[in-house]
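The lines below spell out each chain.
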Amino acid sequence: PTSRTAEDLLFHKSGMAFPAEWVEAVCGIRHPQVERLPLRLPFASGQAWEVGQAYDARGGTHNGYAAFCWDFILAGQPIARTRGQPVAAAAPGRLVFVEDDAPDGEPGPNYLLLQTAGEEFLTYMHLEHGSIADALGGRGQVTLLPEVRAGQPLGRTGDTGAGKGNYHLHFAVS
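Note that residues are indexed from 1 along each chain, following the sequence as it is written. Local features are withheld for residues below a pLDDT of 70 in this predicted model, meaning they are given only at 70 or higher, and side-chain atom pairs are given and counted only at 80 or more; totals for whole chains, interfaces and linings count all residues. The side-chain quantities take in all heavy atoms of the structure and omit both hydrogens and water.

**Looking at the overall build of the protein**
How we decide: Working definition: helices are DSSP H or I runs of at least four residues, strands are E runs of at least two. Numbering for both runs from the N terminus. Burial classes: relative accessible area under 20% of the type maximum marks a residue as buried, over 50% as exposed, and values in between as partly exposed (1.4 Å probe, protein chains only). Any pair of residues with heavy atoms lying within 4.5 Å of one another is described as a contacting pair. Note on areas: Shrake-Rupley, 1.4 Å probe, and residue coverage restricted to the protein chains presented here.
Assigned secondary structure in the protein consists of two helices and twelve strands. The order of helices and strands in the protein, counted from the N terminus, is β-β-β-α-β-β-β-β-β-β-β-α-β-β. Here the protein holds 174 residues, and 47% of them are scored as buried. Sequence separation of at least 24 residues holds for 63% of the intrachain contacts in the protein that already meet a minimum separation of 6. As displayed, the protein offers around 8700 Å² of accessible surface, 54% of which is attributable to carbon and sulfur atoms.

Here it is as structure tokens:
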């Protein structure tokens, strides 16, 4: 796993997303169809996170429709320390779907879907029960805001739908 504090992601015109240094390391050059979009990592700046499972991982669950997803955990910490960490919007956009009722450690993830531009979406999964409502609406109510700003709190990391104690943020770009 690689620790990161901040970076841009590179996006292919097809909508597939790749961290910039991975594209350069794998391809050796910057592909002409890859362009930069303003995206930040979905947590507080200055924190170090590891990618526990990357996109299209052999033997992992990130393949097929989930091929362009990353599972983030706090770097160099026991996985339990990842629980309850704030998650922030990686880009400005509009919330189009929220599920916030799944109990912690149970099947069925709490997640939200943020539309950033046209047909581009960011998915944040395995969030703590009630944390989206706490971040966006308070008192157990989620308000689908017309606009979310980059860096705005969206919820907290949890283990809903991921298996009890498997705390991480599942982050996808599609």
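The discussion continues.
**Digging into the environment of Asp159**
Test applied: Two N or O atoms form a polar contact when they lie within 3.5 Å of each other; inside protein one atom must be a possible hydrogen donor and the other a possible acceptor, and for residues adjacent in sequence the pair counts only when both atoms belong to side chains.
Relative to the helices and strands, Asp159 is located in the loop between strand E11 (153-156) and strand E12 (169-173). Once you skip the residues sitting within four places of it in the chain, Asp159 turns out to touch Asp104, Gly105, His126, Lys164, Gly165, Asn166 and Tyr167. A polar atom in the side chain of Asp159 sits 2.7 Å from the backbone nitrogen of Gly105. A distance of 2.8 Å separates a polar atom in the side chain of Asp159 from the backbone nitrogen of Gly165.

**Points about the pairing of E12**
Selection criterion: When DSSP finds two or more bridges between a pair of strands, those strands are recorded as paired.
With five of five residues buried, E12 lies mostly within the body of the structure. Residues Leu169, Phe171 and Val173 point to one face of E12 and His170 and Ala172 to the other, with burial holding for every one of them. Here strand E6 (residues 69-74) runs beside E12; their pairing, made up of four bridges, is antiparallel. Each residue of the ladder has a partner; that of Trp70, found in E12, is Phe171. Pairing of strand E10 (residues 120-125) with E12 involves four bridges; the strand directions are antiparallel. When the sheet's bridge partners are listed, Tyr124 is paired in E12 with Phe171.

**Things to note about the confidence of the model for the protein**
Here is the rule: Confidence of the predictor at the level of single residues is captured by pLDDT, which takes values from 0 to 100.
Per-chain confidence: the protein averages 76 in pLDDT, with 66% of residues scoring 70 or above. Here strand E1 (residues 3-4) stands out as the least confident element of the protein, with mean pLDDT 38; strand E7 (residues 86-88) is the most confident, with 96. Throughout residues 1-18 the model reports pLDDT below 50, and contacts reaching past four residues in sequence, or to other chains, amount to 68 contacts. This model gives residues 22-36 a pLDDT under 50, and the stretch forms 24 contacts once residues within four places in sequence are excluded.

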